[in-house]
Amino acid sequence: MAQTNILEVKGIKKSFGGVHALKGVDLTIKKGETHCLAGENGCGKSTIIKVISGFYKPDAGTIEVDGKGYPVMTPAEAIKAGIQVIYQDFSVFPNLTVVENLALNQVLANKQKIVRKKEFRRIAEEAVQKINFEVDLDALVETLPVADKQLIAISRALLDNAKLIIMDEPTTALTKKEVNRLFEIIAELKKSGVTILFVSHKLDEVFEISDRITILRNGENVISCPTEEMTEEKFAYYMTGRHFETQKKELQENRKYGKVVLEAEDLSAEGFEHVNFQLRQGEILGITGQLGSGRTELSLALFGMNRPTAGKIRIEGKEVCLKDVKAAQKQGIALVPEDRLTEGLFLPQSIIRNITVTRLDQLAKRAGVLNPKKVSEESQTWVDEIGVATKNHEFPVQTLSGGNQQKVVLARWLSTHPKVLILNGPTVGVDIGAKYDIHRLLRTLAAEGMAIIVVSDDAAEIIATCDRAIVMQGGKVTGTLEAGDLNVTALTRASV
């Protein structure tokens, strides 16, 4: 009888210095399916991937690929067995061309000492044709968008006759349009007999793309079942072990808003033009649109990082000039940036320093020397208040999960007690538990009177958190949706 499973992993255990990362994990993947491996950060997803690909040697357990057992899987054996892993950074060489990135592996594997440009190009052309990928083969990879880098990694994997492609959080840096293109390619790969292990924690993507779901928590199996047997409520519970209240926000008529805090009148700057809106106390306004819509540029203009070329900005009815970040902060505006790793955090620095950096003047003594006791108390207050999961706030912030790192950035700006809080992609790259926590926090802050702007291309996030939303396309506002009109269909129609 033909082997129906491409991969059978049984009883895998793996520890690091006494920390049990995997506690007897099982994973069975059928040929030709798209199997989702889900779980919060730290659940063991990355560890089991590295065991399967031969990067880690397990302490116990067995691995079978296409019916063949491997007492100890090595990276070379994994590749030979048809296993390819595409990590979040895609493992491409940014300073090489597309041709070189695609052909280099095969040339090295064949131990060729002399190569010809024609041979390189033939290999590269063969690779991109497998997924109908149109790209300039002579372009340097560093000049290409993230989606193209990912497609290069997929094309390269197929050159090695991949049977099982493992995609680790493949949509983290992609727009919705790029995600749709990736899903089309996955569907084509399935038709050609390639099996996909899709590692993600995004609800909408998991339900759209997967045939089966396996969920891990704390290094152990929680459930494995066909996708049709799973619901969003069950998914959230199995991922976190917590029951969440529904994400339906209070109806607008049950919310009371205060005075207008922020107003943009015919505002224009690089990336957008003629934008008008008002934001009131206690209101959450969404700004949404696809990549290139102007939503990020608008948020930067409101924080003094993108100088307006026309129009007016008013704070509590008074026209202001936000010539730089300091001017915006003085007016009570705070911005949680789109990329916390490169724009929001000092990764090697402690959690304390990351939280208190915006209030150093207030936490210093008369001579300008920091008061260590005040700094520590301020940090600990916000760690407790916002729920940052850490044993010690003196640890480097890079030791935290993505969700807790985002909470640190939030804590930093909330400590300034802003009038207006702007969040660009507030839950990008965070797990489902942290996402619920952040959304709940935003609704709580709004109920207490804070004026909030959520900038996001995630329709579900806009619907879950915002009282109304403006939709942008090509640098212009193409629609304004009130609470009763906020739904996926309306948001999509206004943004395309």
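The shown structure was predicted, so the numbers you read here are calculated from the model rather than taken from an experiment.

Student: Help me understand the environment of Thr296, please; the structure alone is not making it clear to me.
Tutor: The residue Thr296 is located in helix 9 (residues 295-301) in this model. With residues up to four places along the chain from it excluded, the contact list for Thr296 reads Glu338, Asn424 and Val455. Here the side chain of Thr296 touches Asn424 through a polar contact of 3.3 Å, side chain to side chain.

Student: How should I be thinking about empty space enclosed by the protein in this particular structure?
Tutor: In the structure shown here, the tally under the stated rule is one cavity of 30 Å³ or more. Of the volumes computed, that of the largest cavity is approximately 40 Å³. For the largest cavity, the full set of lining residues is Ile12, Pro58, Gly61, Thr62, Ile63, Tyr70, Pro71, Val72 and Met73. Looking at the lining of the largest cavity element by element, the count peaks at three residues for strand 4 (residues 60-65).

Student: What's the story with the sheet that holds strand 6 (residues 83-86) in this structure? I'm lost.
Tutor: Sheets are built from strands that pair by backbone hydrogen bonding, the pairs being arranged parallel or antiparallel. Taken together, six strands build an open sheet; the order of strands is 6-7-8-3-9-10 and the sheet is mixed. Looking at strand neighbours, the two that pair on one side only are strand 6 and strand 10 (220-226), the edges of this open sheet. The sheet shows a mean angle of 15° between the axes of neighbouring strands, taken without regard to direction. Bridging between strand 9 (residues 212-217) and strand 10 involves six bridges; their strand directions are antiparallel. Along strand 10, the bridge assignment pairs Leu216 with Asn221.

Student: Before we go on, may I ask you to explain the domain arrangement of the chain in this structure?
Tutor: Put simply, an interface is often sized by how much accessible area is lost when its parts join up. Under the domain assignment, the chain is made up of domain 1 (5-240) and domain 2 (259-495). For domain 1 and domain 2, the distance between their C-alpha centroids amounts to 33 Å. The partner domain 2 presents 13 residues to the eleven residues of domain 1 that form the contact. Note on domain 1 versus domain 2: buried area summed over both sides is about 920 Å², and carbon and sulfur give 61% of it. When the buried area of domain 1 at its contact with domain 2 is split by residue, Asn41, Thr175 and His201 rank highest and sum to 44% of it. Here domain 1 is connected to domain 2 by zero salt bridges. Counting the contacts that link domain 1 with domain 2 gives one residue pair in polar contact (both at pLDDT 80 or more). Considering each element in turn, the side of domain 1 that touches domain 2 owes the most residues, four residues, to helix 8 (residues 232-240). A class-by-class count of the residues in the side of domain 1 that touches domain 2 yields four nonpolar, five polar and two charged.

Student: So what exactly am I meant to see when it comes to helix 14 (residues 402-414) here?
Tutor: Since the α-helix packs 3.6 residues into each turn, any two residues three or four apart lie on the same face. With 13 residues, helix 14 ought to run about 18 Å at 1.5 Å a step, and its terminal C-alpha atoms sit 18 Å apart, in line with that. Helix 14 sits mainly inside the fold: 13 of its 13 residues count as buried.

Student: Is there a simple way to think about the confidence of the model for the chain in this case?
Tutor: Interpreting fine coordinate detail is not advised for predicted regions of low pLDDT. When pLDDT is averaged along the chain, the result is 88, and 95% of the positions lie at 70 or above. A low-confidence stretch, residues 247-253 (pLDDT under 50), is modelled with 17 contacts involving residues beyond four sequence positions or located in other chains.

Student: Is there a simple way to think about the sheet that holds strand 12 (residues 272-280) in this case?
Tutor: As summarised here, the arrangement of the four strands in space is 12-11-14-15, forming an open sheet in which the pairing is antiparallel. Each edge of the open sheet carries a strand with a single partner, namely strand 12 and strand 15 (318-320). Averaged over all pairs of adjacent strands, the angle between their axes in this sheet comes to 25°, without regard to strand direction. Sheet topology note: the strand 14 (residues 310-315)/strand 15 ladder contains three bridges and is antiparallel. Directly across from Arg314, in strand 15, lies its bridge partner Glu319.

Calculation rules
Here the residue numbers are simple positions, counted from 1 along each chain's written sequence. Where local features are concerned, this predicted model is filtered to residues with pLDDT of at least 70; where side-chain atom pairs are given and counted, the filter is 80 or more; whole-chain, interface and lining totals use all residues. To get the side-chain values, take all heavy atoms of the structure and skip hydrogens and water. Strands here are runs of E lasting at least two residues and helices are runs of H or I lasting at least four, both read from the DSSP assignment and numbered beginning at the N terminus. Contacts between residues were defined by any pair of non-hydrogen atoms, one from each residue, lying within 4.5 Å. A 3.5 Å cut-off defines polar contacts: any pair of N or O atoms within that distance qualifies, except that in protein one atom must be a possible hydrogen donor and the other a possible acceptor, and neighbouring residues in sequence count only when both atoms are side-chain atoms. Only protein atoms enter the 1 Å grid used here, on which a cavity is any set of points holding a 1.4 Å probe that cannot leave and a pocket is any open set flanked by protein within 12 Å on both sides along at least five of seven lines; residues with an atom within 4 Å of a point are listed as lining. Grid points are joined across faces, edges and corners, and a volume is the space filled by probe spheres set on the points. When DSSP finds two or more bridges between two strands, those strands count as paired. Lines are fitted to the C-alpha atoms to define the axes, a helix being fitted only along its stretch in contact, and any angle between axes, read from their N-to-C directions, falls within 0 to 180 degrees. Segmentation of the chain into domains, including their bounds, is taken from an automatic or database domain assignment. We define buried area as the total accessible area lost by two parts upon association, computed with a 1.4 Å probe and summed across both. We count a salt bridge whenever a side-chain nitrogen from Lys or Arg sits within 4 Å of a carboxyl oxygen from Asp or Glu. Just so you know the grouping, Ala, Val, Leu, Ile, Met, Phe, Trp, Tyr, Cys and Pro go in nonpolar, Asp, Glu, Lys and Arg go in charged, and all remaining residues, Gly too, go in polar. By this rule the span expected of a helix is its residue count minus one, scaled by 1.5 Å. Relative accessibility decides the category of a residue: with a 1.4 Å probe and only protein chains considered, values under 20% of the type maximum give buried, values over 50% give exposed, and everything between is partly exposed. pLDDT runs from 0 to 100 and stands for how confident the predictor is about each residue.

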